[in-house]
Amino acid sequence: MISFAPGMERMAPERNGKLMMKKMLLLKMRSLVSFMMLGMFLWGCGNKGETDFVSTEIDTGWQFKNEKDTLWMPAAVPGTVHTDLLKAGMIDDPFYRDNEKILQWIERETWVYRTRFDLDERLVDKRHLQLVFEGLDTYADVTLNGIPLLRADNMFRVWKADIGSIVRAGDNLLEITFLPAVVADSVKASKVGYRLPDTRAYSRKAPYQYGWDWGPRFVTCGIWRPVKVEGWNGTKIGSCQIAGQEISDTVARVDFVVDIEGDVSGADDRTKVELSVIKDGKEVVRRQVEVPAGQRKVNVPVTVNNPELWWCNGLGNPSLYRFEVVLLSGNRMLDRMKGDFGIREIELVREKDSIGESFYFKLNGRPVFMKGANFIPMDSFLPRVSQDDYDELLEMAVDANMNMLRVWGGGVYPGEIFYNLCDRKGILVWQDFMFACNMYPGDSAFLENVKQEVRDNILRLRNHPSLALWCGNNEIDEAWHNWGWQKSLGYSARDSAEIWHSYLKVFNEIIPDAIRELDPGRPYHPSSPTIGWGHSESLRIGDMHYWGVWWGKKPFEAYRKKVGRFMSEYGFQGMPPMSTVKKFTLPADRKIGSEVMQVHQKHPWGTQLIQQYMERDFVVPDDFEDYIYVSQLVQAYGIRTAIEAHRRSMPRCMGTLYWQLNDCWPVTSWSSVDYYGKWKALHYFAKEAYDEMLVSPVVEGEDVCVYIVSDKPDDFSAALKMKLVDFEGNRIWKRDTNILVRGNSSTMVFRMPVNDLLREGDSTRVVFVAGMSEDDGSVWSNLLYFSPPKSLDLPVANPDIHTAKTNSGYEIEVSTDRLIKNLCLDLPGIEGRFDNNFFDVLPGDTVKVLLKTDEIIDFDKNKFLLHQLNVFSDTQ
């Protein structure tokens, strides 16, 4: 049996009437890269006065001001100084036009927050009282009733202070002074004898706030997560972990390891831990264990018969059980926790093979091809991201058939709601620690700060069934060895040795040591990628970030050759929809290369690269809105090329996570979903390319090949139907055959020389159609053209559109007598989402599209705005 260290922080029974979510989960490891996990997320529980432990949130009456001023203004907690200034009318919308430029003064100021609160009557007589800050961004001096309480310097940590001797039963004044991080960065940098690549490294603060090549510079500050007062008398539940001993088809033997905090020396034979497990409303287990005097850990073993396993999206149900843990003294309830847990086994397989070294995940013993994207913070000002916002974005990931998201290391560790939703929706999480594209200090104070940050976040996140991997950092190992910092920054041999030693201290000692202690068995990957994309080894070993397309200006066809073992980053930019552009621009701004559009394009030559790639394959439109449409197709074509290449290469390649899922503000970027939740063409293309079945026709050398990629576990028989048709619908060639589709595999099922196939067809006027159908009626298909879009002889075509009301919106049927290339449907002014868009319509076929909306639409007044590549054809 393997026991575990204390788990996550306990959830408060009540937060001033607010139902808050916390999570707890536990796991038991089988080897360094294989472990059993049972996950648990905690809900606020208990009625007022039910338990000895009491927690209240201080979320009202807050004010803030510039240290230089006397005027106090209302503040929101959680919040940021930028959003408080915006609400107070002191600044305009930071995201509008070029306001980013004129708001840089905010980062250089000192900001003071304060509130007065009365101590909750239930807390007055508690023996233990703590003030708990779940998130202070970043350099904060805290006083209570004029007495210094703590000095914070890390936005990723939980800060606690005992206040029993300071707090009063009546009025209390809590004041927090936020010092400017940019000033602290400069002061710290001046004390070191060499320059780090970027001074943001000196602060344990979200790196993206300083700006990135997709995000603005808003180095904000504030109380970005809740503030609480917690109180208890003798003992409380510190954490509850769930340690699996064995999982089989018939039984899961589970240890609930309860950590008790407080005056355990006073415990007597009346102190007990009681545990119940519920499934579908029915109690399946109840156990009670006595707590020996002085003992801080109590193990409550349970057996779950015929366990329902937790599966990721696409493979099964992310099944969860209900539990409740109660700490009793006689018949008096001291504390309790309740929530849900899942049972699953995950393994990261890294084994030497004939290619190099594998990098893939097994879930419940099954190899799984990971399909997903990289997740960045959803806003420059995170407290305004709501639970619904997270829910909607993660549902978009599910809709696009994703099963994994990578939480990128230049942002923040998301809040509990993100992981709770991933647990419920079956989205596995690759979790970076918050270090990216920089080298970091190695002084003792910095390292101790990092150590506490790492421990806080391991304890908080380790128990989620969705959490698949810890990763030390983003691209730092690659950067040190390939980006030329040693030369460009003038490092001596001694400088280089010291900087690299600091790197090893964090990523080869502090982080893995903490994981071994607090989360043993969870896979740890020191740095992503394993090897930089400029080295041939990157194709054979570990995970790969491939940026030959975009940064290296390679054509999209390079994606077919540059396929590693696990593709954890690659991407291409596309502009946001016109409806989004209108939110941050004036009409005069709406042209390519305008000053405002360039403010909302953070890559130094992004506009030029989009133009360059567009010219290679597409007709470049003159109209601004048409240009947006084509830019999205450039992005979608490129990334779909990559995804299909990665999936065809299964099992050599076993994962593809494109850069990036979302945005933190309205911008031209690599995202597939923009800041306002609007789907770009890429998200529609990804949805299709990530389906459980992929029919993938491709030209390889001189041949047309058709691959069938299956995520289904079992083999099955299917009918493969292929044809070559011209753009008027005339059939030139046809072949039907029955095939056996192998489960969890990629198989070439057809091969034919291109010249033989096109013997009677013009390559600029034909399309190859490959479709597969199962006995149950399921159909998958894909198209292959033999010339880039700009060279296709596309006909003049007008779609025939019919609409019908449904319970959730409208069903739209689109048909045509001539091929329509990449038809985009839009209904300006209507809030809703099409389930399919940017699609081709073949002559004689009907495409059905569902529009999900709550609005009642008069289609005589609300006309469809249509975009199609046909209107840009050079041949017209």
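Now for a description of the structure that goes with this document. (Residues numbered from 1 in each chain as written. Predicted model: local features only at pLDDT ≥ 70, side-chain atom pairs only at ≥ 80, totals over all residues. Heavy atoms only, no water.)

### Observations regarding the overall build of the chain
Phase 1 of the analysis: Across its full length, the chain holds 15 helices and 45 strands.
Phase 2 of the analysis: Expected size for 876 residues packed as a compact globule is a radius of gyration near 29 Å; at 29 Å, the chain falls within 12% of this value.
Phase 3 of the analysis: By principal-axis analysis of the C-alpha atoms, the chain measures approximately 90 × 65 × 65 Å.
Phase 4 of the analysis: In the chain, 72% of the contacts between residues at least 6 apart in sequence involve partners at least 24 apart.
Phase 5 of the analysis: As presented, the chain carries roughly 32900 Å² of accessible surface, and 47% of it is formed by carbon and sulfur atoms.
Phase 6 of the analysis: Charged side chains of the chain number 104 positive and 122 negative; the gap between the two group centres comes to 3 Å. (Helix = DSSP H or I, 4+ residues; strand = E, 2+ residues; numbered from the N terminus. Rg over C-alpha atoms; globule rule 2.2 N^0.38 Å. Contact = heavy atoms within 4.5 Å. Areas by Shrake-Rupley, 256 points an atom, 1.4 Å probe, with all protein chains shown as cover. Lys, Arg positive; Asp, Glu negative; His and termini not counted. Charge placed at Lys NZ, Arg CZ, Asp CG, Glu CD.)

### What to know about the sheet that holds strand S43 (residues 839-841)
Phase 1 of the analysis: An order of S43-S41-S45 is seen for the 3 strands of this open sheet, with the pairing classed as antiparallel. Of all the strands in the sheet, just S43 and strand S45 (865-867) have a single pairing partner and so form its edges. This sheet shows a mean twist of 45° between the axes of neighbouring strands, independent of strand direction.
Phase 2 of the analysis: Bridge count between strand S41 (residues 820-826) and S43: 2 bridges; the pairing is antiparallel. Each bridged residue has a counterpart across the sheet, and for Leu823 the counterpart in S43 is Phe839.
Phase 3 of the analysis: Lying over the sheet, helix H13 (residues 624-648) contacts S41 and S45, oriented at roughly 120° with respect to S41. (Pairing = 2+ DSSP bridges. Axes fitted to C-alpha atoms, helices over the stretch in contact; angles between N-to-C directions.)

### Here we look at the packing of aromatic side chains
Phase 1 of the analysis: This model, assessed by the stated rule, comprises 63 aromatic pairs.
Phase 2 of the analysis: Note on Tyr546 and Tyr559: the rings are 6.0 Å apart at their centroids and 70° apart in plane angle, and the pair reads as edge-to-face. Of this pair, Tyr546 sits in the loop between strand S29 (543-545) and strand S30 (566-569) while Tyr559 sits in the loop between S29 and S30, placing them 13 residues apart in sequence.
Phase 3 of the analysis: A connected cluster of aromatic rings, assembled from ring pairs, spans Trp533, Tyr546, Trp547, Trp550, Phe556, Tyr559, Tyr570, Phe572, Tyr613 and Trp670.
Phase 4 of the analysis: Between Lys236 and the ring centre of Trp232, over which it is positioned, the NZ or CZ distance is 4.1 Å.
Phase 5 of the analysis: Its guanidinium or amino end placed over the ring of Tyr676, Lys583 lies 5.0 Å from that ring's centre, counting from NZ or CZ. (Phe/Tyr/Trp six-rings, centres within 6.5 Å; stacked < 30°, edge-to-face > 60°. Lys NZ or Arg CZ within 6 Å of the ring centre and 35° of its normal.)

### Considering the packing of helix H6 (residues 444-461) against helix H9 (residues 493-518)
Phase 1 of the analysis: Between H6 and H9, the shortest axis-to-axis distance is 10 Å and the interhelical angle comes to 35°. The two elements H6 and H9 meet at a crossing, and its hand is right-handed. Of the residues in H9, those in contact with Leu447, Val450, Lys451, Val454, Arg455, Ile458 and Leu459 of H6 are Lys505, Val506, Ile510, Ile511, Ala514, Ile515, Glu517 and Leu518.
Phase 2 of the analysis: Along the lines of polarity and charge, the residues of the contact of H6 with H9 split into 11 nonpolar, no polar and 4 charged. (Left-handed = near helix turned anticlockwise from the far one by under 90°. Nonpolar A, V, L, I, M, F, W, Y, C, P; charged D, E, K, R; others polar.)

### Notes on the pairing of strand S4 (residues 63-66)
Phase 1 of the analysis: Here 2 bridges tie S4 to strand S5 (residues 73-74), and the two strands are oriented antiparallel to one another. Pairing of Phe64 across the sheet is with Met73, part of S5.
Phase 2 of the analysis: Here S4 folds back onto S5 in antiparallel fashion, the turn holding 6 residues.
Phase 3 of the analysis: With 4 bridges joining them, S4 and strand S6 (residues 111-118) adopt antiparallel strand pairing. Bridging across to S6, Phe64 finds its partner in Tyr113.

### Details of the sheet that holds strand S34 (residues 716-726)
Phase 1 of the analysis: Spatially, the 4 strands line up as an open sheet ordered S35-S34-S37-S38, and their pairing is antiparallel. The open sheet terminates on both sides in strands that have one partner only, identified here as strand S35 (731-741) and strand S38 (779-785). Taking each pair of neighbouring strands and ignoring which way they run, the sheet shows an average axis angle of 15°.
Phase 2 of the analysis: Sheet analysis places strand S37 (residues 766-773) next to S38, joined by 7 bridges and oriented antiparallel. What sits directly across from Ser773, in S38, is Val779.

### Comments concerning the nonpolar core
Note on soluble globular proteins: their nonpolar side chains tend to be buried together.
Phase 1 of the analysis: With 207 residues, the main nonpolar core has Trp62, Phe133, Leu136, Leu174, Phe418 and Tyr658 as its most contacted residues.
Phase 2 of the analysis: If one sorts the elements of this core by residue count, H13 sits on top with 13 residues.
Phase 3 of the analysis: Setting aside residues no more than four positions away along its own chain, Leu174 makes contact with Ile58, Trp62, Tyr113, Arg114, Thr115, Phe117, Leu131, Phe133, Val142, Thr143, Leu144 and Val227.
Phase 4 of the analysis: Of all hydrophobic cores here, the second largest spans 27 residues; its members include Ile237, Ile260, Val277 and Phe323. (Core = buried A, V, L, I, M, F, W, Y, C linked by side-chain atoms within 4.5 Å. Buried < 20%, exposed > 50% of the residue type's maximum accessible area, 1.4 Å probe, protein only.)

### Some details on the packing of helix H12 (residues 606-617) against H13
Phase 1 of the analysis: Contact geometry for H12 and H13: axes closest at 10 Å, N-to-C directions at 80°. With respect to each other, H12 and H13 are oriented roughly perpendicular. Contacts between H12 and H13 pair Ile610, Gln611, Tyr613 and Met614 from the former with Tyr627, Val630, Ser631 and Val634 from the latter. (Parallel < 35°, antiparallel > 145°, perpendicular 65-115°, else oblique.)

### Structural notes on H6
Counting along an α-helix, one turn takes 3.6 residues, and residues three or four places apart therefore face a common direction.
Phase 1 of the analysis: Under the 1.5 Å per step criterion, the end-to-end length of H6 is 26 Å for 18 residues, consistent within 8% with the ideal 26 Å.
Phase 2 of the analysis: What H6 keeps buried is the set Phe446, Leu447, Asn449, Val450, Glu453, Val454, Asn457, Ile458, Leu459, Arg460 and Leu461. (Expected span 1.5 Å × (residues − 1).)

### Points about the pairing of strand S17 (residues 271-279)
Phase 1 of the analysis: With 7 of 9 residues buried, S17 lies mostly within the body of the structure.
Phase 2 of the analysis: The antiparallel hairpin formed by S17 and strand S18 (residues 282-290) contains 2 residues in its connecting segment, where Asp280 sits at a positive phi of about 55°.

### Remarks on the environment of Ile511
Phase 1 of the analysis: As for its position among the elements, Ile511 is in helix H9.
Phase 2 of the analysis: Residue class for Ile511 comes out buried when judged on its relative accessible area of 0%.
Phase 3 of the analysis: In sequence terms Ile511 and Gly472 are 39 residues apart; their C-alpha atoms lie 7.1 Å from each other.
Phase 4 of the analysis: With residues up to four places along the chain from it excluded, the contact list for Ile511 reads Phe433, Phe435, Val454, Gly472, Val506 and Tyr524.

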